[in-house]
Structure formats: structure tokens, C-alpha cells
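The primary structure of each chain is shown beneath.
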Amino acid sequence: MLDIQTVRKDFPILTHTVYGKPLVYFDNAATTQKPRSVVEKISEGYYNVNANIHRGVHFLSQAATEAHEDARRTVQHFLHARSSHEIIFTRGTTEAINLVASCFSDEFLSAGDEIIISEMEHHSNIVPWQIQAAKKDIALRVIPIDEKGELCMESYRKLFSERTRLVSLTHVSNVLGTINPVEEIIRIAHSHNVPVMLDGAQAVPHTQVDVQALDVDFYVFSAHKVYGPTGIGVLYGKENRLDKLPPYQGGGEMIASVTFEKTVFNELPFKFEAGTPDYIGSTALAEALRYVKQLGLTAIAAHEQELLRYATERIQAAGQVHIFGRAAHKSSVLSFLLADIHPYDTGMLLDRLGIAVRTGHHCAQPLMKALGIEGTVRASFALYNTKEEIDIFIAGIEQVQTMFGKK
Ligand code: PMP
């Protein structure tokens, strides 16, 4: 069990007031707040261990290099990767997916090849593939969702063809909360000799991910959604998969030797890390993962599931509410519409009450189209949220309904 009141003390921003009301922060799927230890790690890094890494013989450079590589090992252990060489630091989920889309396409794709994605993908797992598709005439095959917001597994099975080259799916939907059956998804893909990339942006903060047990080929996530800093994220790839990909960007760090005639690329993971990496961000990410691990992902998930259950029950009781996403396995995301009230109106009125929710298409316009709506209101819960905050949120919902004459 988490001691939430103690946990909340680690997050100074949660004591803020907004328009004179206590802040209720329910926009965690967009980004999470940061514990003091993560923020301190950043300032401590700049104050005490700042020097460019990998190429310096001097003390500070070696200390900074050691901290950065230590952070890589922390990520490796967090994801249960076999080797730290399989952990590539990127700017975030988006850059990691772009890296794989670009490099995989360069090396392995030709006209007529097919990539399987799904109807519930974030734009960051659609657009990079479309960019490659436009260059090489590759086709996207899309798994539909059912009325509960779960992937139609029968359709998925039928999408495979001789030309399927990769399956690229979200682990957890940022709109519906659906936790996809990734073990089964991977098993089916591998039975066709097709590798799988999972977008773990919404999974890593809530569930224990074991890339070896999953046997997933590529796995990506962003630090800022798991209590870490912005501007850094991770691409995990099986060593033999990453080895076969060409570099993404050229520059310093990613080379073994350079002449005007020929460049020899560096080995993993550096081959994919051109330029000065965010070596302060990596240590802050590692600190965030330590923080989560110390609280325990099982305890975090149990707390968040209870918040989701309570919020779902209470919002349904408020009446005239349509919830989008009713998967059997769901993370702590509650997307909804109140009668015919526009989501922006609901969001803006809740904001005046100090409640931060997200409104709109959530970077998932194709999903909105499939649902036949323009957008939703999304409340997403994190480890520091409480039932008392949900009570404030429900009181806010009832106020919005009253204002619009829906009560
Ligand atoms: N995928 C999913 C499922 C997400 O929720 C997000 C963030 N909303 C992203 C990808 C993109 O993450 P980032 O903006 O940190 O690169």
C-alpha cells in the first residue's frame, strides 16, 4: 500500500493553488509531475558533475560519463533488458519511433511491403510510417477496435500477408486506457517471422515491463510520463535487431573513425546517439525509475486501479456521461463526454475549479474518427492522486452539468 500523503510531499507542485483552488492534476497521461529527487538530480548534475561525456580524460568528464552509463544500466534493469547496449537514449517516444521507422524502412522495406498498426495509435506511431510510406510506397494495415475499445484480434490475425514486415502498436492507449494483449500480439507476429515494436509511453508508468519475457523486438517510452524530465526517452531494441539497422543521424559519438573517404560507425548503443546526449536528463530519468521502483509498480498499479474504479463508478452515477474505453484490462485513463457539452467547455470550466484535465483529440485523430467524435475530456490518474481529488472532480462535473442544464 502507498502512503499517499507522504508520497504527495515529494511533489512540491501539488501544493499549488489555481484560481484560488487547490490544484487537482488529472493530466498525467500528457505528462507527470516530478518528485523532488528528480529535480534535485538535475540541479546537482549541473552544479557538480557537468562536463561533456565520453571524450574527456579529465576527472569531471569521466564522472559525467560514469553517471550517464550508470543511468543506462538503470534503464536496462528497469526493462529487464539483456544488455545495456540495447538501451538507446532518444529525445522521447516520438523520436524513438521515428528512428525505427526511418532506419527499418531504409534497410528492410520496399514498395508493396506492409506495416501493421492499429486504430488506437497516437499520431507518433502513424505519421512516421506515413512519411516512410510516401517515400517507398509501403502500405499501412490497420487493426480495428471493437465497441469496448479493445483490438479486434481476429482482424489482427487476418492482416498478416507475405508482405508484412513489422507490427508497431501501442502497449496502452492514451485515450481509451486499453492495455493491449501484447504477449499474444507478439506471439502471433513472431509465428509469421515478423518483428514487433511497442509504444510503451502509457505503459511504463503503470506496469512492470519485461522486454525479455515479452520477447518484444523494439520498445520505446518517454521519461516525462514516468516522473522523469522532458526531452529524453528510450529505445530498447534486441541487439541483433539494432545491429542490422543503419545509423539514424550522423555526427560525433556515433563514429569509430572518420576520414573524407570513409567513416566506420561506432558500436551499440553509440551508433544511434549522434551528438552530445542529454547526460543530465539520463541521470534524472534513472532517478525517476528508482523512485518508481522504490514505491513498487504493483502498489502503484493497485492504487491507480482503485482510483479508476472509484472515478468510473462516481462519474456514471452523475448521469448523462458517455465513457470511451471499457476494456477489461484498462489503465488509469478516463475519457468521457458529458451529454452534448463540448469537451473544451467542460475542460475550461473544470480548469476554473482548479482541475487540470485534457480535452480534444489527444493526438489520435483517426481514433476519434472511428469513435465518430471530435474529442473527449480525459482525466488520467497517477500515483499521487487521491479519492478526495476525485470527489472534487465529480463535484466539478455536476457543476458543469447544472450550468448546461443537463442535471
Ligand atoms: N505514444 C503515446 C501512446 C503517447 O501517449 C504519447 C504522448 N502523449 C506519445 C506516444 C508521444 O510521446 P512524446 O511526446 O513524449 O514523444
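For the structure, check the block above.
The rules behind these values
- Residues numbered from 1 in each chain as written.
- Predicted model: local features only at pLDDT ≥ 70, side-chain atom pairs only at ≥ 80, totals over all residues.
- Heavy atoms only, no water.
- Helix = DSSP H or I, 4+ residues; strand = E, 2+ residues; numbered from the N terminus.
- Buried < 20%, exposed > 50% of the residue type's maximum accessible area, 1.4 Å probe, protein only.
- Areas by Shrake-Rupley, 256 points an atom, 1.4 Å probe, with all protein chains shown as cover.
- Lys, Arg positive; Asp, Glu negative; His and termini not counted.
- Charge placed at Lys NZ, Arg CZ, Asp CG, Glu CD.
- Polar contact = N/O pair within 3.5 Å; in protein donor to acceptor, adjacent residues only side chain to side chain.
- Contact = heavy atoms within 4.5 Å.
- 1 Å grid on protein atoms, 1.4 Å probe; cavity = no way out; pocket = protein on both sides within 12 Å on 5 of 7 lines; lining within 4 Å.
- Points joined across faces, edges and corners; volume = space filled by probe spheres on them.
- Nonpolar A, V, L, I, M, F, W, Y, C, P; charged D, E, K, R; others polar.
- Core = buried A, V, L, I, M, F, W, Y, C linked by side-chain atoms within 4.5 Å.
- Domains from an automatic or database assignment.
- Pairing = 2+ DSSP bridges.
- Axes fitted to C-alpha atoms, helices over the stretch in contact; angles between N-to-C directions.
- Arc of directions from axis to C-beta.
- Near = heavy atom within 4 Å.
- Sits in = over half its atoms within 2 Å of the grid points.

Peer 1: I'd like to hear about the overall build of the protein, residue by residue, with values.
Peer 2: On a plain count of helices and strands, the protein comes out with 14 helices and 17 strands. If you line up the protein on its principal axes, its C-alpha atoms span 75 × 55 × 35 Å. Out of the 407 residues belonging to the protein, those deemed buried represent 55%. For the protein, the accessible area works out to roughly 17400 Å², and carbon and sulfur atoms hold 53% of it. When the 39 basic and 47 acidic side-chain charges of the protein are each reduced to a single mean position, those positions are 2 Å apart.

Peer 1: Break down the side chain of T32 for me, with residues and values.
Peer 2: Residue position: T32 is located in the loop between strand 3 (24-25) and helix 2 (36-48). Judged by its relative accessible area of 3%, T32 is buried. A distance of 2.7 Å separates the side chain of T32 from the backbone oxygen of H224, its partner in a polar contact. Setting aside chain neighbours within four positions, we find T32 in contact with H224, K225, V226, Y227 and Y384.

Peer 1: Hey, could you go over empty space enclosed by the protein for me, with residue numbers and the actual values?
Peer 2: Over the atoms a probe the size of a water molecule is rolled, and this reveals where empty space is left. By the definition in use, this model includes 1 cavity of 30 Å³ or more. Empty space within the largest cavity amounts to approximately 30 Å³. Lining the largest cavity, in full, are N28, A29, Q202, H206, S331, S332, V333, S380 and F381. Residues that form the lining of the largest cavity fall into these classes: 3 nonpolar, 6 polar and no charged.

Peer 1: So what's going on with the nonpolar core? Residues and values would help.
Peer 2: Ranked by internal contacts, the top residues of the largest apolar core, which has 71 residues, are L79, Y156, V167 and L383. No other element matches helix 10 (residues 279-295), which puts 8 residues into this core. Residue assignment places this core across two domains, with domain 1 (4-30 + 296-403) and domain 2 (39-294) each supplying three or more. Leaving out residues up to four positions away in the same chain, L383 has contacts with L2, I4, V7, F11, Y227, Y291, L295, I300, H303 and E304.

Peer 1: Explain the sheet that holds strand 10 (residues 233-237) residue by residue, including any values.
Peer 2: Reading across the sheet, the 7 strands line up as 4-10-9-8-7-5-6 and stay open at both edges, with mixed pairing between neighbours. If you trace the sheet from one side to the other, it starts and ends with strand 4 (87-90) and strand 6 (139-143), each paired once. Sheet twist, expressed as the average angle between the axes of neighbouring strands with direction ignored, equals 20°. Examined bridge by bridge, strand 5 (residues 114-118) and strand 6 share 5 bridges and lie parallel to one another. Bridge assignment links S118 to a residue of strand 6, and that residue is I143. The sheet strands contacting helix 4 (residues 93-108) are strand 4, strand 7 (164-170), strand 8 (196-199), strand 9 (218-222) and strand 10, and the helix crosses strand 9 at an angle near 150°. Across the face of the sheet, helix 7 (residues 182-191) comes into contact with strand 7 and strand 8 while running at roughly 160° to strand 8.

Peer 1: Before we move on, can you summarise the sheet that holds strand 14 (residues 333-338) with the specific residues and values?
Peer 2: An order of 13-14-17-16 is seen for the 4 strands of this open sheet, with the pairing classed as antiparallel. Two strands lie at the open edges of the sheet, namely strand 13 (321-324) and strand 16 (358-360), each paired on one side alone. If you compare each strand with its neighbour and ignore which way they point, the axes differ by 30° on average. Set on the sheet, helix 11 (residues 297-317) makes contact with strand 13 and strand 14; between it and strand 14 the angle comes to about 10°. Along the sheet face, helix 14 (residues 387-403) touches strand 13, strand 14 and strand 17 (376-380) and points at about 15° away from the line of strand 14.

Peer 1: Can you tell me about the pairing of strand 7, naming the residues and giving the values?
Peer 2: Counting buried residues along strand 7, 6 of its 7 residues qualify, which places the element largely inside the surrounding structure. Looking at chain direction, strand 5 and strand 7 are connected through 3 bridges and run parallel. When the bridges of strand 7 are listed, E114 appears paired with T164. As defined by bridge partners, strand 7 adjoins strand 8 across 4 bridges and the pair is classed as parallel.

Peer 1: An account of the layout of surface pockets is needed here, citing residue identities and associated values.
Peer 2: When its volume is computed, the largest pocket comes out at roughly 410 Å³. The wall of the largest pocket is formed by 25 residues, among which A30, T94, H122, H224 and K225 lie closest to the centre. The leading source of residues in the lining of the largest pocket is helix 4, at 3 residues. Among the residues making up the lining of the largest pocket, the classes are represented as 6 nonpolar, 13 polar and 6 charged. Looking at the lining of the largest pocket, you find at least three residues from each of domain 1 (4-30 + 296-403) and domain 2 (39-294). What lines the second largest pocket is a set of 15 residues, and nearest its centre among them are F89, T90, R91, E95 and A274.

Peer 1: Go over helix 7, please, and point to the residues and values.
Peer 2: Along helix 7, the residues classified as buried are V182, I185, I186, I188 and A189. Buried residues of helix 7, viewed axially, fall in a sector of 165°; they line one side. Along helix 7, exposed side chains directed more than 90 degrees from the buried face belong to R187 and S191. Residues of helix 7 that are buried in the fold lie against helix 6 (153-159), strand 7, strand 8 and helix 8 (211-214). Backbone geometry just downstream of helix 7 places N193 in the positive-phi region, at approximately 60°.

Peer 1: Give me the lowdown on the site of the ligand, citing residues and values where you can.
Peer 2: Around the ligand sit T93, T94, H122, S124, T170, N174, D199, A201, Q202, S222, H224 and K225, and those are all the residues in its vicinity. In this structure, an oxygen atom belonging to the ligand sits 2.7 Å away from a side-chain N or O atom of H224. In isolation the ligand offers 400 Å² of accessible surface; the protein chains occlude 85% of this area. Most atoms of the ligand, that is more than half of them, are within 2 Å of grid points of the largest pocket. Taken together, the residues that form the shell around the ligand break down as 1 nonpolar, 9 polar and 2 charged.

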